[in-house]
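Geometric and topological summary
The lines below spell out each chain.
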Amino acid sequence: MAHNFNGATMKKLLTFAVLLTMVFAGSLFAQDEDEKDEQPVKKSYTKTKVGGAGGITPAISMFNNDGINKMLTDAGMPKLSSNGYLVGGEGYGYVMFLHNVRMGGFGIGGTSKSNILEANNRRKDIDYKISYGGFLVDYVVPVVHHLDIAVGASIGGGSVDITMTRDDVSFKKWDDLWKEFGKNDSTKNLTRQIKGSFGAFTPHVNVEYALLTWLQLRVGVGYPIFFSPDWKLDNRDVEVLTVPANLKPDGYTINAGIMFGFFN
C-alpha cells in the first residue's frame, strides 16, 4: 500500500531496485558461467547451506480493494489503487541439523490514502494501513554457485487499520475543542479508528543471488492469507459487527530485497 511519502517516487525506486537486482544477478551469473568454462567445475553448490542474514524487503502489493472501495464510493470519496507499496525487513539463520532449512522472522506494511475537499470546505480523509509478519521457515534449493531458490511460508499475525477523519479546515482553539466535545449533537470534526486483527499465513518463493560472501540480492512473490478477523473501535474493547468479509488483503506481492550476512 502507498506510504506516507510520494507514491510515484516509491514506485520508481522499487521498480529500479527490482530491475537492478535482475541485471546484476544476470550479468554476474553469466560471468560466473564464463569462469566455469575456463576451469574445472567445483560443485560447491552441493554444499549444505550455512550462515544467516538480515535486510530490507520492499514490495509491490496487488491486492483486491473492492471491500474498502465500496465504502469509499458510498461516502463520495476516491477509490484506492489496487497497486500499493510495502516496506519491510527480514532476518534468518540456517538450522544446522536440518539440511538447507532456515528459520527467522519478517514484518512488512504500508498505507494508502483517500481524501476529498467538499464544496462546503469540509475535508474527508481515509488512511488504510495494512501490516503483517511472523515466524518464517524456508527450504533453500541451490541451483548453481551463488544462485538459490527459497521456498517457504510464514505464520503470524496482521492488521488492517482504518482511520476516518472529517474536518472543517479551520483554525482550532483550545476552548472551542472542549465545547465541541461537550455537545451532544453532531460535530463538524470527527476522527474514528477501526482496527481489524487477523491471523496471517504467507507462502512465498524467492530467487536469491549472492553478489559477495556478505551481500545478497533477491526477487520473489508471496501471497498473504488473512483469517480469523477481530474488529475493534477507537483502540478500545468495543467490537465492530457486520464488517464485510472482503475487507482484508486479498492478492499477491512482488518483492525485492537486499540482504546482509554470510552466504556460502
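Rules behind the numbers
- Residues numbered from 1 in each chain as written.
- Predicted model: local features only at pLDDT ≥ 70, side-chain atom pairs only at ≥ 80, totals over all residues.
- Heavy atoms only, no water.
- 1 Å grid on protein atoms, 1.4 Å probe; cavity = no way out; pocket = protein on both sides within 12 Å on 5 of 7 lines; lining within 4 Å.
- Points joined across faces, edges and corners; volume = space filled by probe spheres on them.
- Helix = DSSP H or I, 4+ residues; strand = E, 2+ residues; numbered from the N terminus.
- Nonpolar A, V, L, I, M, F, W, Y, C, P; charged D, E, K, R; others polar.
- Core = buried A, V, L, I, M, F, W, Y, C linked by side-chain atoms within 4.5 Å.
- Buried < 20%, exposed > 50% of the residue type's maximum accessible area, 1.4 Å probe, protein only.
- Salt bridge = Lys/Arg side-chain N within 4 Å of Asp/Glu carboxyl O.
- Pairing = 2+ DSSP bridges.
- Polar contact = N/O pair within 3.5 Å; in protein donor to acceptor, adjacent residues only side chain to side chain.
- pLDDT = per-residue confidence, 0-100.
- Contact = heavy atoms within 4.5 Å.

Overview of empty space enclosed by the protein
Per the counting criterion, the structure on display carries three cavities of 30 Å³ or more. What lines the largest cavity is a set of 17 residues, and nearest its centre among them are Glu90, Phe106, His204, Thr253 and Asn255. Going through the elements one at a time, β4 (101–117), β5 (123–144), β7 (190–212), β8 (215–222) and β10 (251–261) are the ones with two or more residues in the lining of the largest cavity. Tallied by class, the residues present in the lining of the largest cavity amount to six nonpolar, eight polar and three charged.

Quick look at the nonpolar core
Ile68, Tyr128, Ile130, Tyr132, Val160, Ile162 and Trp231 are the most contacted members of the largest nonpolar core, which totals 23 residues. Elements that contribute at least two residues to this core include exactly β2 (59–63), α2 (66–74), β4, β5, β6 (147–167), β7 and β9 (225–233). Sorting elements by how many residues they give to this core places β5 first, with five residues. Judged by nonpolar contacts, the second largest core, of eight residues, contains Ala53, Tyr92, Met259 and Phe263.

Brief notes about unusual backbone geometry
Although it is not a glycine, asparagine 100 adopts a positive phi angle of roughly 60°. Assignment of secondary structure puts asparagine 100 in the loop between β3 (83–94) and β4. Residue threonine 242 is not a glycine yet carries a positive backbone phi of 55°. Relative to the elements of secondary structure, threonine 242 occurs in the loop between β9 and β10. Note on threonine 242: relative accessible area 79%, which makes it exposed.

Notes on the pattern of salt bridges
Pairs can form between side chains of opposite charge once their charged atoms are near each other. Summed over all chains, the structure comprises 17 salt bridges. Lysine 113 is paired through a salt bridge with aspartate 127; the nearest N and O atoms lie 2.9 Å apart. Within this pair, whereas lysine 113 is found in strand β4, its partner aspartate 127 is found in strand β5, the two being separated by 14 residues in sequence. A salt bridge links lysine 195 to aspartate 161; its shortest N-O distance comes to 3.1 Å. Of the two residues, lysine 195 is situated in strand β7 and aspartate 161 in strand β6; the sequence distance between them amounts to 34 residues. Looking at lysine 195, the relative accessible area reads 31%, which means it is partly exposed. Look at the salt bridges and you will find they share partners, linking Glu90, Arg102, Asp138, Glu208 and Arg218 into a network.

A word on the pairing of β4
Here β3 runs beside β4; their pairing, made up of eight bridges, is antiparallel. Within β4, the residue paired with glycine 89 across the bridge is glycine 107. Count of turn residues in the β3/β4 antiparallel hairpin: six residues, of which asparagine 100 carries a positive phi of about 60°. In this sheet, β5 lies alongside β4 in antiparallel orientation, the contact comprising 17 bridges. Note that in β5 the partner of serine 114 across the bridge is isoleucine 126.

What to know about the side chain of glutamate 208
Among the secondary structure elements, glutamate 208 is positioned in strand β7. Here glutamate 208 falls in the buried class, since its relative accessible area comes to 1%. Within the local environment of glutamate 208, its side chain forms a polar contact with the side chain of arginine 218, the two groups lying 3.1 Å apart.

So, the layout of surface pockets
Roughly 400 Å³ of volume is contained in the largest pocket. The wall of the largest pocket is formed by 19 residues, among which Met71, Ala75, Ile126, Ile162 and Met164 lie closest to the centre. Elements that contribute at least two residues to the lining of the largest pocket include exactly α2, β5, β6 and β7. With four residues, β6 is the single largest residue contributor to the lining of the largest pocket. When grouped by side-chain class, the residues that make up the lining of the largest pocket number 15 nonpolar, one polar and three charged.

Quick look at the confidence of the model for the chain
Here the chain averages 83 in pLDDT, and 82% of its residues register 70 or above. Here residues 1–44 scores under 50 on pLDDT; set against residues more than four positions off or in separate chains, the count is 56 contacts.

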